Amino acid sequence: MTGSTASGTMPSGRLRLRLEARDQPGLLTHLAVSLLLLVAALLLAGVVMTVAGGNPLDVYRSMFGAGFGSKWGLNDTLVKMVPLTLASLGVALAFRMKMWNIGAEGQLLMGALAASGIALFAVPPDMPQWLALVLMAAAGAAGGAVWGIVPGWLRAQFGVNEIISTLMLNYVALSIVQFFVYGPWGERGFGLTPMFERNTWLPRLTEYADQWSALRGLTLHLGILAVPVAIVFLAILLNRTKFGFEIAMVGDNPDAARYAGVRLRRTMIIVMALSGALAGLAGMNEVSGVVHRLLEHISPGYGYTAIIVAWLGRFNPLAVAVVAFLFGGLIVGADEIQSAGISSLLQGVILFVMVSGNLLIRYRIRLREPETLA
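Described below are features of the structure shown in this document. These numbers were taken from a predicted model, which means no experiment stands behind them.

## Concerning the environment of Val 232
At step 1: Note that Val 232 resides in helix α7 (residues 226-240).
At step 2: C-alpha of Val 232 to C-alpha of Pro 317: the two residues are 85 residues apart in sequence and 8.1 Å apart in space.

## What about the packing of helix α2 (residues 56-68) against helix α3 (residues 71-96)?
At step 1: Across the interface, α2 lies against α3 with an axial gap of 5 Å and an inter-helix angle of 80 degrees. As judged from the angle between their axes, α2 and α3 are roughly perpendicular. Across the interface between the two elements, Ala 66, Gly 67 and Phe 68 of α2 pack against Gly 73, Leu 74 and Thr 77 of α3.
At step 2: Considering only residue class, the contact of α2 with α3 consists of 3 nonpolar, 3 polar and no charged.

## What to know about unusual backbone geometry
At step 1: Of note, the phi angle at Lys 98 is positive, near 60 degrees, even though the residue is not glycine.
At step 2: For Lys 98, a relative accessible area of 41% gives the class partly exposed.
At step 3: For His 292, which is not glycine, the phi torsion reads 60 degrees and is therefore positive.
At step 4: Here His 292 is to be found in the loop between α10 (264-291) and α11 (302-312).

## Some thoughts on the packing of aromatic side chains
At step 1: Summed over the entire model, instances satisfying the criterion amount to 9 aromatic pairs.
At step 2: Here Phe 95 and Phe 315 contribute two aromatic rings whose centre-to-centre distance is 5.6 Å and whose plane-to-plane angle is 80 degrees, an arrangement assigned as edge-to-face. Within this pair, whereas Phe 95 is found in helix α3, its partner Phe 315 is found in the loop between α11 and α12 (317-336), the two being separated by 220 residues in sequence.
At step 3: Given a relative accessible area of 16%, Phe 315 falls into the buried group.

## Description of the layout of surface pockets
At step 1: Within this model, the second largest pocket holds a volume of roughly 250 Å³.
At step 2: Mapped by element, the contributors of at least two residues to the lining of the second largest pocket are α11, α12 and α13 (340-362).
At step 3: It is α13 that provides the largest number of residues to the lining of the second largest pocket, a total of 4 residues.
At step 4: Of the residues belonging to the lining of the second largest pocket, the class tally is 6 nonpolar, 5 polar and 2 charged.

## So, α3
Residues that lie three or four places apart on an α-helix share one face, since the helix turns once every 3.6 residues.
At step 1: With 26 residues, α3 extends 35 Å from end C-alpha to end C-alpha; this agrees with the ideal 38 Å at 1.5 Å per step.
At step 2: Helix geometry: α3 is bent most strongly at Met 81, by close to 30 degrees, with proline Pro 83 lying one to four residues after it.
At step 3: When you tally the buried positions in α3, you get 19 out of 26 residues, the bulk of the element.
At step 4: Positive phi appears at Lys 98, one or two residues downstream of α3, with a value of about 60 degrees.

## Things to note about the environment of Leu 205
At step 1: Relative to the elements of secondary structure, Leu 205 occurs in the loop between α6 (162-182) and α7.
At step 2: Considering only alpha carbons, one finds Leu 205 and Arg 216, 11 residues apart in sequence, at a separation of 7.4 Å.
At step 3: When near neighbours in sequence (up to four residues on either side) are disregarded, Leu 205 contacts Leu 215, Leu 218, Leu 220 and Leu 222.

## Some thoughts on the pattern of salt bridges
At step 1: The full count for this structure, using the stated rule, is 5 salt bridges.
At step 2: Residue Arg 61 pairs with Asp 58 through a salt bridge whose shortest N-O separation is 2.8 Å. With Arg 61 and Asp 58 both in helix α2 and 3 residues apart, the pair spans about one turn of that helix.
At step 3: Taking relative accessible area as the criterion, Arg 61 reaches 53% and is therefore assigned exposed.
At step 4: Between Arg 293 and Glu 187 there is a salt bridge, with the nearest N and O atoms lying 3.0 Å from each other. Separated by 106 residues along the polypeptide, Arg 293 in the loop between α10 and α11 and Glu 187 in the loop between α6 and α7 bring together distant segments of the chain.

## Let's talk about the packing of α3 against α12
At step 1: Here α3 crosses α12 at 135 degrees, and the two axes come no closer than 7 Å. Judged by the angle between their axes, α3 and α12 are oblique. Every pair of crossing elements has a handedness; the one defined by α3 and α12 is right-handed. Each of Leu 74, Asp 76, Thr 77, Leu 78, Lys 80, Met 81, Leu 84, Thr 85, Ser 88, Leu 89, Ala 92 and Arg 96 in α3 lies in contact with α12, whose residues at this interface are Pro 317, Val 320, Ala 321, Ala 324, Phe 325, Phe 327, Gly 328, Gly 329, Ile 331, Val 332 and Asp 335.
At step 2: Among the residues forming the contact of α3 with α12, the class breakdown is 14 nonpolar, 5 polar and 4 charged.

Rules and cut-offs
- Residues numbered from 1 in each chain as written.
- Predicted model: local features only at pLDDT ≥ 70, side-chain atom pairs only at ≥ 80, totals over all residues.
- Heavy atoms only, no water.
- Helix = DSSP H or I, 4+ residues; strand = E, 2+ residues; numbered from the N terminus.
- Axes fitted to C-alpha atoms, helices over the stretch in contact; angles between N-to-C directions.
- Parallel < 35°, antiparallel > 145°, perpendicular 65-115°, else oblique.
- Contact = heavy atoms within 4.5 Å.
- Nonpolar A, V, L, I, M, F, W, Y, C, P; charged D, E, K, R; others polar.
- Buried < 20%, exposed > 50% of the residue type's maximum accessible area, 1.4 Å probe, protein only.
- Phe/Tyr/Trp six-rings, centres within 6.5 Å; stacked < 30°, edge-to-face > 60°.
- 1 Å grid on protein atoms, 1.4 Å probe; cavity = no way out; pocket = protein on both sides within 12 Å on 5 of 7 lines; lining within 4 Å.
- Points joined across faces, edges and corners; volume = space filled by probe spheres on them.
- Expected span 1.5 Å × (residues − 1).
- Bend = angle between axes of the 7 residues up to and from the residue.
- Salt bridge = Lys/Arg side-chain N within 4 Å of Asp/Glu carboxyl O.
- Left-handed = near helix turned anticlockwise from the far one by under 90°.

So this is what it looks like as structure tokens:
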């Protein structure tokens with residue numbers, strides 16, 4: 001008995017989602033979408049607060065007023081902005097080359113440690129203030145750079161994943177700081193060093209109140225001048241130099257960069273050193289301009305927040321500074337309502353929404369029909 005088989009097609013699978021690249025959107029599109037995503041993030045965080053029994057409108061009103069609603073609030077926001085901007089610029093530089101530096105927190109701590117060592121043991125009380133500050137800044141940058149070179153060299157030489165190495169080095173840096181503040185540099189076991197000599201302090205605006213009375217009581221220090229200098233430096237480096245072009249080439253296509261003669265290993269190490277140096281300067285600003293000593297918890301997590309700020313600023317130096325200013329106000333507002341959890345919640349939700357939205361900016365979702373078999 002012979003049988004016949006019906007001709008036709010049989011599906012070989014289910015409908016599948018496929019990502020299709022969009023045309024490169026313009027700057028205005030990016031700005032408009034980013035604004036909409038920020039509003040969506042605030043709404044989503046508000047829903048979470050409501051479920052938890054809070055009133056998001058009251059929370060946002062209090063936070064905005066604390067961070068931006070007065071001269072004193074703006075002063076505190078700018079104080080937070082300084083280390084956050086410097087650390088974020090360092091992260092953004094590494095991210096430009098797709099070196100995922102998650103270690104700004106550790107690099108900041110090592111910069112603070114190195115600057116503190118200079119202030120405690122290498123600066124006599126009669127040294128000119130400008131020279132003491134220059135030495136501390138150089139030490140802070142060097143401390144952060146060393147902590148950036150280590151994962152950069154491991155990646156360049158052995159292909160070690162820099163996400164893992166930079167993250168782990170954060171905890172190593174914290175342990176080193178704890179050893180010194182509770183050990184040889186500690187003051188009676190309280191987790192801090194003795195106060196630095198006055199000539200190692202970054203001047204505060206209130207010190208100029210005799211000339212300008214409006215500055216009286218303002219604790220913003222002159223370390224803020226490092227922010228525009230760092231922005232201009234990075235803008236020139238990335239957009240006007242051969243090395244900046246090489247960074248872009250390596251980030252876009254490492255194989256093509258190697259074929260064009262770019263020394264990948266050297267470029268990776270230098271970029272990670274510069275990234276760490278900027279974070280180290282952030283640490284120096286904290287010990288010299290804010291607390292005038294080294295503390296166990298000298299950073300409230302600036303290095304981790306810097307990852308969010310750099311991403312939201314799309315690795316553009318000026319945009320990074322603007323986002324850092326907004327996040328500085330967010331931190332001040334969270335301190336005002338005495339809820340660090342609110343700040344962490346907002347940062348996490350904003351990052352999640354922005355990253356998800358960025359994916360939709362770059363790609364459109366398509367349904368792929370299942371393949372058929374004849």
